[in-house]
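Secondary and tertiary structure notes
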2 protein chains.
Amino acid sequence: MRSALVDENGDIMERRSILSGAGKGIDYVMTNLAMLIGETISGKNVAGVGIGIPGIIDSARGILTQAPNISNVDDYPIRDALAEKMGSSIPVFIENDANCAAVGEWWVGAGKSVDSLVIITLGTGVGGGIILKGELWSGADGMAGEIGHITVFPNGAKCNCGNFGCLESYASASAIRRMVKEGLNDNKLETILRKKSRGVSGEKLPETVMEAAVEGDKFALWIWDEVGKALGIGIANVVNLLNVEMVVIGGGLSNSWELFIGQSLTEARKRGLRAPINRVEIKKTLLGDDAGIIGAAYLALKHQSPL
Amino acid sequence: MRSALVDENGDIMERRSILSGAGKGIDYVMTNLAMLIGETISGKNVAGVGIGIPGIIDSARGILTQAPNISNVDDYPIRDALAEKMGSSIPVFIENDANCAAVGEWWVGAGKSVDSLVIITLGTGVGGGIILKGELWSGADGMAGEIGHITVFPNGAKCNCGNFGCLESYASASAIRRMVKEGLNDNKLETILRKKSRGVSGEKLPETVMEAAVEGDKFALWIWDEVGKALGIGIANVVNLLNVEMVVIGGGLSNSWELFIGQSLTEARKRGLRAPINRVEIKKTLLGDDAGIIGAAYLALKHQSPL
């Protein structure tokens, strides 16, 4: 878990981090979280605390509905639990992490100059967040922006969600792991990835595939083409549906921007309606890993809701 | 062109209609429109005039950007032109017709009880409109809601927009015409549509395919399955992205509701994320052809902008 002191201009003044201990359950995480916040705000006069969490959030009621990475979480009243642990009356605002990233990029990042944007975060999975009229649209249940689960290839690879051919099953770190594994199962396939990927952790594999592509490996280049093509279909769907001014691409895979963005733009222009696809700006994240933390701070600043 | 007097409860008091003469160009249409409005409001004390038009609208500036059905339209200042023709200072509000339908259904139709909905209109083409937080989201250029151009089958049939496999190329009257034509080209195909569709106009063909399906014709039933499946993918994409409370299905094809909705629900549930797809209500239009006219009236009432 990472924390930061953010000023009213969206600048980060100080940073801290701590292991979440997510595997040990929500109580353990909450103790760590309260400690991290306590250290961060100690002796400071802060307006509020904003928290971005990977999961489904009911931000109005301060409830963590579901959190895939933390065991035993089911409609957990995180805002009240935190108030108790901290023994403080400082206002706390809670939101999904990809939604926070959308807010951060809109506030002081790539989307600073626009009123509407969609962020697509290409990480282990694919997340997203939607800003319209300068406001977050988080959906009727805090579930909006699940761009990773747009169907891009109806008969495609199985996704973790149970569906087939989701964007996430083609444009995420886990999709890259699948494609590498499937490719290497074919003994005749010539690729430097056979050697290069040996002993590389799943988390680091996209970086290895990036290196192989940069060295000109055809299989690695094909993988990035697949990522790019799926992302392009996703972008076109988002743009045709929402006619936003900007699409921001974030997440770890955005480090390989040059390897997939050409294919994405080709596909998006092929499938997007003329006016909206020509006008939309498609940009790489400006804030990177800090987008979420800065967006959470913005939400705390603007929506001070009593703890 | 149809007009109506609508009261503050969304009830239609009086109706009128006139041929638009769209083929004769925008000036001719405007003269007819001014006449129709004049007759409708003559002797009445109306708060404003709302107009729904198939095309791309810049409603803030009162500009008709593009109108596929009217010749010689390109950034036409429709609000000012109408003021001149009418010689009146009554406030006029202009919006895309599918967006008006979304507003109408939300105000007094199927979506009366919700704050967020998407309408999908299955007509000659497929249109759509988006209501979030009780407000129309018409996009950065008035182009939002083009649900017909979501890609559902990436390698599918060519769409009028130039893309392949759009929802519109599977779930519209023109898609049904294509499927019938392609099917009948196969001389071995046994179907009562071979005889039944002879001499039937393109506009009436979906009705004929509906009748054939009701009579148990396998080919006709297959066509409705195709419509339903494509619509189901479109619904899942919309729901995963926007987490709205309701999806309303309108347009002429919605008359064949029973023939496609089962397949749509199966497909949508397969591809939708659990929480948002289980909670979304999928409803048939309540207002039918009147949704647009009632929605336009609402917009005129709420956004009185000086002509």
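As a starting point, this report considers the structure included with it. (Residues numbered from 1 in each chain as written. Chains lettered and ligands numbered in written order. Predicted model: local features only at pLDDT ≥ 70, side-chain atom pairs only at ≥ 80, totals over all residues. Heavy atoms only, no water.)

Let's talk about the overall build of chain A
From N to C terminus, chain A includes 10 helices and 11 strands. Taking 2.2 N^0.38 as the reference for a compact globule, 307 residues should give roughly 19 Å; the C-alpha atoms of chain A span a radius of gyration of 20 Å, in line with that estimate. Across its three principal directions, the C-alpha atoms of chain A cover 60 × 45 × 35 Å. Counting across all 307 residues of chain A, residues that qualify as buried make up 57%. Contacts spanning at least 24 positions in sequence make up 62% of the contacts within chain A whose residues lie at least 6 apart. (Helix = DSSP H or I, 4+ residues; strand = E, 2+ residues; numbered from the N terminus. Rg over C-alpha atoms; globule rule 2.2 N^0.38 Å. Buried < 20%, exposed > 50% of the residue type's maximum accessible area, 1.4 Å probe, protein only. Contact = heavy atoms within 4.5 Å.)

Quick look at the interface of chain B and chain A
Residue-level contacts link 43 residues of chain B with 43 residues of chain A. When the two sides are added together, the surface that chain B and chain A hide from each other amounts to roughly 3600 Å², 57% of it contributed by carbon and sulfur. The largest per-residue losses of area from chain B upon contact with chain A belong to W137, L241 and R271 of chain B, which jointly make up 20% of the total buried on that side. Our enumeration of links across chain B and chain A arrives at four salt bridges. Measuring nitrogen to oxygen at the nearest pair gives 2.7 Å for the salt bridge that ties E135 of chain B to K133 of chain A. Taken together, the connections running from chain B to chain A amount to 32 residue pairs in polar contact (both at pLDDT 80 or more). Every element with two or more residues in the side of chain B that touches chain A is listed here: β8 (126-132), β9 (135-136), α7 (218-242), α8 (257-271) and α9 (274-279) of chain B. With six residues, the single largest contributor to the side of chain B that touches chain A is α7 of chain B. Residue composition of the side of chain B that touches chain A, grouped by class: 22 nonpolar, 12 polar and nine charged. (Buried area = accessible area lost by both parts, 1.4 Å probe. Salt bridge = Lys/Arg side-chain N within 4 Å of Asp/Glu carboxyl O. Polar contact = N/O pair within 3.5 Å; in protein donor to acceptor, adjacent residues only side chain to side chain. Nonpolar A, V, L, I, M, F, W, Y, C, P; charged D, E, K, R; others polar.)

Quick notes on the sheet that holds strand β9 (residues 135-136) of chain A
In any sheet, the strands associate via hydrogen bonds between backbone groups, in a parallel or an antiparallel arrangement. Residues and elements named next belong to chain A. Reading across the sheet, the five strands line up as β9-β8-β7-β10-β11 and stay open at both edges, with mixed pairing between neighbours. Strands with a single pairing partner mark the edges of an open sheet, and in this sheet they are β9 and β11 (281-284). Bridge analysis of strand β7 (residues 117-122) against strand β8 (residues 126-132) gives six bridges, and the strand direction is antiparallel. Each residue of the ladder has a partner; that of V118, found in β8, is I130. Those strands touched by helix α7 (residues 218-242) are β7, β8, β10 (246-250) and β11, and its axis lies near 160 degrees from that of β7. (Pairing = 2+ DSSP bridges. Axes fitted to C-alpha atoms, helices over the stretch in contact; angles between N-to-C directions.)

What about the pattern of salt bridges?
All names here are of chain A. Under the definition given, this model contains 28 salt bridges over all chains. Notably, a salt bridge pairs E281 with K283, separated by 3.8 Å at the nearest N-O pair. Taken together, the salt bridges that share partners define one network made up of E14, R16, E39 and K44.

What about the packing of helix α6 (residues 205-214) of chain B against α7 of chain B?
All names here are of chain B. Two numbers describe how α6 lies on α7: the axes approach to 7 Å, and their chain directions differ by 120 degrees. The hand of the α6/α7 crossing is left-handed. Residues P206, V209, M210, A212 and A213 of α6 lie in contact with α7, whose contacting residues are A220, L221, I223 and W224. The class makeup of the residues in the contact of α6 with α7 is nine nonpolar, no polar and no charged. (Left-handed = near helix turned anticlockwise from the far one by under 90°.)

What to know about the relation of the copies chain B and chain A
Each copy of the sequence occupies a distinct position, and chain B is placed on chain A by a rotation of 180 degrees and an axial shift of 0.0 Å, giving an RMSD of 0.0 Å. These values place the two chain copies in the arrangement generated by a two-fold rotation axis. A high fraction, 100%, of the interface residues of chain B reappear at the interface in chain A, so the copies pair face to face through one surface. (Least-squares fit on C-alpha atoms with pLDDT ≥ 70 in both.)

Here's the deal with unusual backbone geometry
Of note in this structure, N243 of chain A is not a glycine but carries a positive phi near 45 degrees. Here N243 of chain A lies in the loop between α7 and β10.

So, the environment of A34 of chain A
Residues and elements named next belong to chain A. By the element assignment, A34 lies in helix α1 (residues 26-41). Remark: the alpha-carbon pair of A34 and K85, spanning 51 residues in sequence, is separated by 6.3 Å. Apart from the residues within four sequence positions on either side, A34 is in contact with L82, K85 and M86.

Considering the packing of helix α4 (residues 173-185) of chain A against α7 of chain A
Residues and elements named next belong to chain A. One can describe the packing of α4 onto α7 by two numbers: an axis separation of 11 Å at closest approach and a directional angle of 140 degrees. By the angle between their directions, the pair α4 and α7 is classed as oblique. In this structure, α4 crosses over α7, and the sense of that crossing is right-handed. Of the residues in α7, those in contact with I176, M179, V180 and G183 of α4 are F219, W222, I223, W224, E226 and V227. (Parallel < 35°, antiparallel > 145°, perpendicular 65-115°, else oblique.)

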